Amino acid sequence: MKGVFSAPGDYIYFKSQVPLHKIPIGTKQWRYYDFGPKVVPPLICLPGTAGTADVYYKQIMSLSMKGYRIISVDIPRVWNHQEWIQAFEKFLDAIDVHHIHLYGTSLGGFLAQLFAQHRPRRVRSLILSNSFLDTRSFSAAMPWAPIVSWTPSFLLKRYVLTGIRDGPHEPFIADSVDFVVSQVETLSREDLASRLTLTVDAASVGSLLLSDSLITIMDTNDYCAIPQQLKDQLSERYPEARRAYLKSGGDFPFLSRPDEVNLHLQLHLRRVGVEARPDLIRSVPKEGNGGSPSKKNDKREDPHDPPKDDNGSSENPTTQSQFPPLPETSESHSLDDQPLQNAKIWNFGNEGKIILLPCRFLNTQHAVPAQILQQLTWEIVALHLLPLYVGSLYTILNHSWKFRQAL
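Source: prediction; values computed, not measured.

As a further point, take the pattern of salt bridges. As a working rule, side chains carrying opposite charge can pair if their charged atoms are close by. Throughout the structure, instances matching the rule amount to 15 salt bridges. Residues E185 and K157 are paired through a salt bridge, measuring 3.7 Å at the closest nitrogen-oxygen approach. On the criterion of sequence distance, the pair formed by E185 in the loop between α7 (171–184) and α8 (189–200) and K157 in helix α6 (residues 153–162) is long-range, its members being 28 residues apart. By relative accessible area, E185 is classed as partly exposed at 22%. Taking relative accessible area as the criterion, K157 reaches 11% and is therefore assigned buried. A salt bridge links E190 to R189; its shortest N-O distance comes to 3.5 Å. What emerges from the salt-bridge pattern is a single network uniting K15, R31, D54 and D74.

Laid out in structure tokens, this is it:
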């Protein structure tokens, strides 16, 4: 977590195959992935405070190949829970999705419950991972919550990252932490302030019309940023819910234990009556929209691609509805077997871009935001060149003064 990050090969492959859509709805900008047969009721993944739509890429890759439709979204900039409910409903209307299954982790699980409470006709089932029912404990632990919207970006990022347990970790958990940290670096100050506001704004989940039998609670047993007391309250609220416990996995089991998480997600979808359609995976044209419901509204954005114009056109002409066949093994999340493991990504000038620099004393790479690199350059100029300039100027003026006195 200490600034060491190498873009996983399977993530680079995912970005080359699955389009990232970006659409404005009202005053909100939605960034999401939508992949899989459109006729299947979607599983919508909601990340936590530190997550983005990209953190569920392993679920999209695996479950879409089995015939499920997976939608992973970024939480937009909303500043209260009622605004979240209204904005999410407008998003579903815009992409022409009516009945959904929600998978939420941490803050995402809390927002999923709120939406199920206030829009019960649209939510068919819930999968909650390391989540909670009430925000009071977070509000009490953050006394500066009233000024969070004015807090500088670096302080917000530091606060979010201090909530993630810092090593030592086993390799897969360490990789998951590094990946999420790299995603936090891409979030703007407004994004972080909005999510922290949703976390500390006083609210609690009321009773749901959804039956407990349509809820799965998936938690890790090793450690998590969510206190065990809050996770126990969630379990007590839904006593008949299906339990799926992972022996380990840390805060981000969807990255560190993707095979187990994907298995539980698939079992849940089968149990609640979602029928996968693997027969439709190869039936969509290669140049199709990859499961996106609206061609005219979809925009492609890739943090590793060159800048594009405002028309929202896709830079990648091969937007596929399927992945080329790859062997699925239990070690699919190992970075050692990825052919693109050592790929270097160079992006300068744009905020949130990541520069991967080789490290001489480690077998890894350092992830350095471009703006930090620029700041360090100016500091070097100021510390080393400025004194030389001032000294030279002093010498010239001194000699000029002596010359005038001699005349």
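Strand order across the open sheet formed by eight strands is β1-β2-β4-β3-β5-β6-β7-β8, with mixed pairing between neighbours. Either end of the sheet is taken by a strand with one partner, and the two such strands are β1 (20–25) and β8 (242–246). When the angles between neighbouring strand axes are averaged without regard to direction, this sheet yields 20°. Pairing between strand β6 (residues 123–129) and strand β7 (residues 215–220): four bridges, direction parallel. From the neighbouring strand, L128 faces β7, where its bridge partner is I217. Against the sheet, helix α2 (residues 57–65) engages β2 (28–35), β3 (43–46) and β4 (70–73), with an angle of about 165° to β4. Running over the sheet, helix α4 (residues 107–118) touches β3, β5 (100–105) and β6 and is turned about 145° from β5.

Residues at a pLDDT of 70 or more form 68% of the protein, whose mean pLDDT is 79. Overall, residues 283–320 carries pLDDT values under 50, and its contacts beyond four positions in sequence, including any with other chains, amount to 84 contacts. Confidence drops under a pLDDT of 50 for residues 325–368, and excluding neighbours within four residues, the segment shows 101 contacts in the predicted structure.

Glancing now at the nonpolar core. Soluble globular proteins: nonpolar side chains tend toward being buried together. Of all hydrophobic cores here, the largest spans 96 residues; its most connected members are F88, F91, L102, L126 and Y238. Per-element tally for this core: the top contributor is α4, with seven residues. Excluding anything up to four places from it in sequence, Y238 contacts Q113, L128, L133, V205, L208, D212, I215, I217 and R243.

Attention now goes to the pairing of β5. In terms of residue burial, β5 counts as a mostly covered element, since six of its six residues are buried. Burial along β5 is two-sided: the residues I100, L102 and G104 and H101, Y103 and T105 are all buried. Both β3 and β5 contribute to a ladder of four bridges, which runs parallel. Paired with C45 across the two strands is Y103, which belongs to β5. Of the pairings in the sheet, the one linking β5 to β6 comprises six bridges and is parallel in character. In the strand pairing of β6, H101 is matched with S125. Considered for its hand, the β-α-β crossover made up of β5, α4 and β6 is right-handed.

Because an α-helix completes one turn every 3.6 residues, residues spaced three or four positions apart along the sequence face the same direction. Here helix α3 (residues 81–94) contains 14 residues, and its C-alpha end-to-end distance of 20 Å stays within 8% of the 20 Å for a straight helix at 1.5 Å per residue. Residues of α3 that are buried: H81, W84, I85, A87, F88, F91 and L92. One or two positions beyond α3, positive phi appears at D96, with a value near 60°.

Under the 1.5 Å per step criterion, the end-to-end length of α8 is 17 Å for twelve residues, consistent within 8% with the ideal 16 Å. The complete set of buried residues in α8 reads D191, L192, A193, S194, R195, L196, T197, L198, T199 and V200. Those residues of α8 hidden inside the fold are in contact with α3, α4, α5 (136–140) and α6.

According to the stated counting rule, one finds 19 aromatic pairs in the structure shown. Centroid distance W30 to F91: 4.4 Å. Interplanar angle 15°. Geometry classified as stacked. A residue pair is termed long-range when its members are at least 10 positions apart, and W30 in strand β2 and F91 in helix α3 qualify at 61 residues. Like W30, the residue F91 is buried in the burial classification. Both rings, one in W84 and one in F88, keep their centres 4.8 Å apart while their planes meet at 15°; by these two values the pair is stacked. Linking W84 with F88, this pair stays in helix α3, spanning four residues, or about one helical turn.

Calculation notes
- Residues numbered from 1 in each chain as written.
- Predicted model: local features only at pLDDT ≥ 70, side-chain atom pairs only at ≥ 80, totals over all residues.
- Heavy atoms only, no water.
- Salt bridge = Lys/Arg side-chain N within 4 Å of Asp/Glu carboxyl O.
- Helix = DSSP H or I, 4+ residues; strand = E, 2+ residues; numbered from the N terminus.
- Buried < 20%, exposed > 50% of the residue type's maximum accessible area, 1.4 Å probe, protein only.
- Pairing = 2+ DSSP bridges.
- Axes fitted to C-alpha atoms, helices over the stretch in contact; angles between N-to-C directions.
- Contact = heavy atoms within 4.5 Å.
- pLDDT = per-residue confidence, 0-100.
- Core = buried A, V, L, I, M, F, W, Y, C linked by side-chain atoms within 4.5 Å.
- Right-handed = clockwise from strand over helix to strand, strands pointing away.
- Expected span 1.5 Å × (residues − 1).
- Phe/Tyr/Trp six-rings, centres within 6.5 Å; stacked < 30°, edge-to-face > 60°.

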